[in-house]
Amino acid sequence: MSACVKVSRSGSRAKVQSGGRSSSLEIKEKEIREKGSEILREQLDAAKRELKLKDKECERLSQVRNQLEQELEELTASLFEEAHKMVHEANVKQAAAEKQLKEAQGKIDVLQAEVTALKTLVLTSTPSSPNRQLHPQLQPSGTRGAYKHVGGHVRNKSASGGFPPSPGKPEPSSVSIQPAAKEDREMDSVLYAEFLMWKENPSVEHSSAFLSRIYREDIGPCLSFTRSELVQSAVENNSLTIEPVAMSALPMVKASAIECGGPNGFRAAIETKCALSGISRLCQHRIKLGDKGSYYYISPSSRTRITAVCNFFTYIRYIQQGLVRHDAEQMFWEVMRLRREMTVAKLGFYLTDQG
């Protein structure tokens, strides 16, 4: 009986001990889980903080990028305006210089005619037979008033009838330098209204009344070559390239290749048929259409016509892209100036380098 009691007591002690160990293990596991959860929370918080910092950095970089893009756009617009202004000022100065040159040439012609007349007077005067027109003191007192001292030369008002001017030279007494007429302008209300409607939604399509008129009145006639299909679509798509003729690019054809003087030295030219007009001319430029490898030699007149149309499309695209910061009236008059260039070019007028 005592042995049975001992066995039962030892069994109960073993159960109590095993129960204590399991409870302590559960407590330890719970502590471990809590520590692990705490570590994970700390790592999650750190990751969130790092993510916030990266978001702020991305936002800052985005602002910097937007600022740089805006500055680049403003710089491009200002550069275009400055270049346009410089070209306009250069054209004004060139026109003023040409006007001054014409006036100076007229004055030179007058002076040359006066010098020729004075030489004739001097050659016909000798000590034994002095020329009374050259020596007014020999004239009777009643006729001396007919002489006038002009610019250091003695000249009789009626002497021009006795000495005819040289061929092609104007008479000194009848030449007067006429001031050049000032160009004025008046806005066409219909054209301006069409331009304002187009400016609200600018594009290069033919659908607007503004561009439809210009295509019909200027672009079409200016590009109406014998082979106009070569260039019109390329000009509209901005895929046409014009470049000077290089000596190394001259083909082996029966044509005379020469060098033409220009402001930057010499450049090559080839006398051959213009690919657009079909007429034999001295071609100093060639065109390339898109990505095609073929080149076409063009005459100076054809180049001027293509360039006039390309300049118009370039300005229209700048307006479409918002790069022109002028008011509507200034834009309109610039478009009218470019239309005038197309009109002059299609009539066959163009400028050449004086070499």
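Refer to the preceding data block for the structure.
Parameters at a glance
- Residues numbered from 1 in each chain as written.
- Predicted model: local features only at pLDDT ≥ 70, side-chain atom pairs only at ≥ 80, totals over all residues.
- Heavy atoms only, no water.
- Pairing = 2+ DSSP bridges.
- Helix = DSSP H or I, 4+ residues; strand = E, 2+ residues; numbered from the N terminus.
- Axes fitted to C-alpha atoms, helices over the stretch in contact; angles between N-to-C directions.
- Salt bridge = Lys/Arg side-chain N within 4 Å of Asp/Glu carboxyl O.
- Buried < 20%, exposed > 50% of the residue type's maximum accessible area, 1.4 Å probe, protein only.
- Core = buried A, V, L, I, M, F, W, Y, C linked by side-chain atoms within 4.5 Å.
- Expected span 1.5 Å × (residues − 1).
- Bend = angle between axes of the 7 residues up to and from the residue.
- Contact = heavy atoms within 4.5 Å.
- Patch = residues over 30% accessible without salt bridge, like charges linked within 9 Å, V, L, I, M, F, W, Y side chains within 5 Å.
- Areas by Shrake-Rupley, 256 points an atom, 1.4 Å probe, with all protein chains shown as cover.
- Parallel < 35°, antiparallel > 145°, perpendicular 65-115°, else oblique.
- Nonpolar A, V, L, I, M, F, W, Y, C, P; charged D, E, K, R; others polar.
- Lys, Arg positive; Asp, Glu negative; His and termini not counted.
- Charge placed at Lys NZ, Arg CZ, Asp CG, Glu CD.
- Left-handed = near helix turned anticlockwise from the far one by under 90°.

**Some points on the sheet that holds strand β8 (residues 295–298)**
The pairing of strands in a sheet happens through backbone hydrogen bonds and is either parallel or antiparallel.
So, point 1. Strand order in the open sheet formed by three strands is β3-β7-β8, and the pairing between neighbours is antiparallel. Looking along the sheet, the strands with just one partner apiece sit at the ends: β3 (240–244) and β8. The average angle at which neighbouring strand axes cross in this sheet is 30°, direction not considered.
So, point 2. Where strand β7 (residues 285–289) meets β8, four bridges bridge the pair, whose relative direction is antiparallel. The residue of β8 that forms the bridge with Ile287 is Tyr296.

**Re the pattern of salt bridges**
So, point 1. In total, this model carries ten salt bridges according to the counting rule given.
So, point 2. A salt bridge links Glu57 to Arg60, with the shortest nitrogen-to-oxygen separation between them at 2.6 Å. With Glu57 and Arg60 both in helix α1 (residues 2–123) and three residues apart, the pair spans about one turn of that helix.
So, point 3. Using a relative accessible area of 43% as the deciding quantity, one classes Arg60 as partly exposed.
So, point 4. Several salt bridges share partner residues, and in doing so they unite Glu194, Arg213, Glu217, Asp218 and Arg339 into one network.

**Regarding the nonpolar core**
So, point 1. If you look at the biggest cluster of nonpolar residues, it comprises 40 residues, and the most contacted ones within it are Phe195, Ile219, Val231, Ile306, Phe312 and Val335.
So, point 2. Mapped by element, the contributors of at least two residues to this core are α2 (189–200), α3 (209–222), α4 (232–236), β7, α5 (300–320) and α6 (328–346).
So, point 3. Here the element with the most residues in this core is α6; it accounts for nine residues.

**Description of α3**
Residues separated by three or four positions in an α-helix point in the same direction, a consequence of the helix having 3.6 residues per turn.
So, point 1. For α3, built from 14 residues, the straight-helix expectation of 20 Å at 1.5 Å per residue is met to within 8% by its first-to-last C-alpha distance of 19 Å.
So, point 2. Of all the bends in α3, the largest measures some 45° and sits at Tyr215.

**Some details on unusual backbone geometry**
So, point 1. Positive phi is not limited to glycine here, since Asn238 has a value of about 60°.
So, point 2. The residue Asn238 is located in the loop between α4 and β3 in this model.

**Overview of the environment of Leu323**
So, point 1. Relative to the elements of secondary structure, Leu323 occurs in the loop between α5 and α6.
So, point 2. Setting aside anything within four residues of it in sequence, one finds Leu323 in contact with Thr76, Ala77, Phe80, Glu81 and Tyr318.

**Digging into a nonpolar patch on the surface**
So, point 1. On the surface, Leu72, Leu75 and Leu79 cluster together to form a nonpolar patch covering roughly 300 Å² of accessible area.
So, point 2. Among the secondary structure elements, Leu72 is positioned in helix α1.
So, point 3. Judged by relative accessible area, which is 53%, Leu72 ranks as exposed.

**Considering the packing of α2 against α3**
So, point 1. At a minimum axis separation of 7 Å, α2 and α3 run at an interaxial angle of 120°. Relative to α3, the element α2 is oriented oblique. On the side of α2, the interface is formed by Val190, Leu191, Glu194, Phe195 and Trp198, while α3 contributes Ala209, Phe210, Leu211 and Arg213.
So, point 2. Residue composition of the contact of α2 with α3, grouped by class: seven nonpolar, no polar and two charged.

**Regarding a negative patch on the surface**
So, point 1. Residues Glu31, Glu34, Glu38, Glu42 and Asp45 make up a contiguous surface patch of negative charge.
So, point 2. Along the chain, Asp45 turns up in helix α1.
So, point 3. Relative accessible area serves as the criterion here: at 37%, Asp45 is assigned to the partly exposed category.

**Comments concerning the packing of α5 against α6**
So, point 1. The contact between α5 and α6 brings their axes to 8 Å, and the two run at 165°. In terms of axis orientation, α5 runs roughly antiparallel to α6. The two elements α5 and α6 cross, and the hand of that crossing is left-handed. Across from Thr304, Arg305, Ala308, Val309, Asn311, Phe312, Tyr315, Ile316 and Ile319 in α5, the residues of α6 making contact are Met331, Glu334, Val335, Leu338, Glu341, Met342, Ala345 and Lys346.
So, point 2. Each residue belonging to the contact of α5 with α6 can be placed in one class, and the counts come to eleven nonpolar, two polar and four charged.

**A closer look at α6**
So, point 1. The terminal C-alpha atoms of α6 lie 27 Å apart, and with 19 residues this matches the ideal 27 Å at 1.5 Å per residue to within 8%.
So, point 2. Among the residues making up α6, those that are buried are Ala328, Met331, Phe332, Trp333, Glu334, Val335, Met336, Leu338, Arg339, Met342 and Ala345.
So, point 3. Trailing α6 by a residue or two, Gly348 shows a phi angle of about 105°, which is positive.

From the geometry alone we can't say anything about function, so treat these as descriptive.
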